[in-house]
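Here's the letter readout for the chains.
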Amino acid sequence: MDLLQWLTTTQLGEFIFTILVSMLPVVELRGGIPFGLAAGLPPAKAFAAAFIGNMLPVPFLILFTRRLFAFLKDHVPLFRGAIACLERKVERKKHLVLKYQALGLLLLVAVPLPGTGAWTGSLVAAAMDMRLSKAVPAITGGVLAAGVIITFITHQVALF
């Protein structure tokens, strides 16, 4: 069965909505998988949709975060406090990545806890000026690992 048949068999709307939910910061894949399962998607489809949605913003975050933050701090005083808060959060997570480079970034993203994930990993990679060719595979590996853990936990909880 090719991808188009797989998607159109049923549940295309749920699949797309799960992608959109998983693109949100904080929610990410950790909320997208349970959302997709609750919407009636099978575990494999929920995982795929959440993975796609979680990874879509990553390259853009890595490439444009520093410039966007600088612009907002200079031109929109309302955002200065929020950006400073985000930068402090990144500084706290940065030591892991500095010590272990790509492996540290993978581990940071893979831990399925609040405050970790693809968005945080992308912000850390941007703060460190990490190249896309190094950051994206590490973040992808972390998102895959977190996705497997979350899918397993969520699916097991749903069985009870």
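Residues numbered from 1 in each chain as written. Predicted model: local features only at pLDDT ≥ 70, side-chain atom pairs only at ≥ 80, totals over all residues. Heavy atoms only, no water.

(A) Fine view of the nonpolar core. If you look at the biggest cluster of nonpolar residues, it comprises 30 residues, and the most contacted ones within it are Ile33, Val97, Leu105, Met130, Ile139 and Val143. Mapped onto this core, the elements with two or more residues apiece are α3 (28-38), α4 (43-55), α5 (58-75), α6 (80-100), α7 (102-110), α8 (118-127) and α9 (132-159). It is α9 that contributes the most residues to this core, six residues altogether. Not counting residues up to four positions away in its chain, the partners in contact with Ile139 are Met55, Val58, Ile62, Leu105, Val109, Ala118, Gly121 and Ser122. (Core = buried A, V, L, I, M, F, W, Y, C linked by side-chain atoms within 4.5 Å. Buried < 20%, exposed > 50% of the residue type's maximum accessible area, 1.4 Å probe, protein only. Helix = DSSP H or I, 4+ residues; strand = E, 2+ residues; numbered from the N terminus. Contact = heavy atoms within 4.5 Å.)

(B) Structural view of the packing of α3 against α4. Where α3 meets α4, the axes come as close as 8 Å, and the angle between the chain directions of the two elements is 145°. Handedness of the α3/α4 crossing: right-handed. For the pair α3 and α4, the contacting residues are Glu28, Leu29, Gly32, Ile33, Gly36 and Leu37 in the first and Pro43, Ala46, Phe47, Ala50, Phe51 and Asn54 in the second. Within the contact of α3 with α4, the residues separate by chemical class into eight nonpolar, three polar and one charged. (Axes fitted to C-alpha atoms, helices over the stretch in contact; angles between N-to-C directions. Left-handed = near helix turned anticlockwise from the far one by under 90°. Nonpolar A, V, L, I, M, F, W, Y, C, P; charged D, E, K, R; others polar.)

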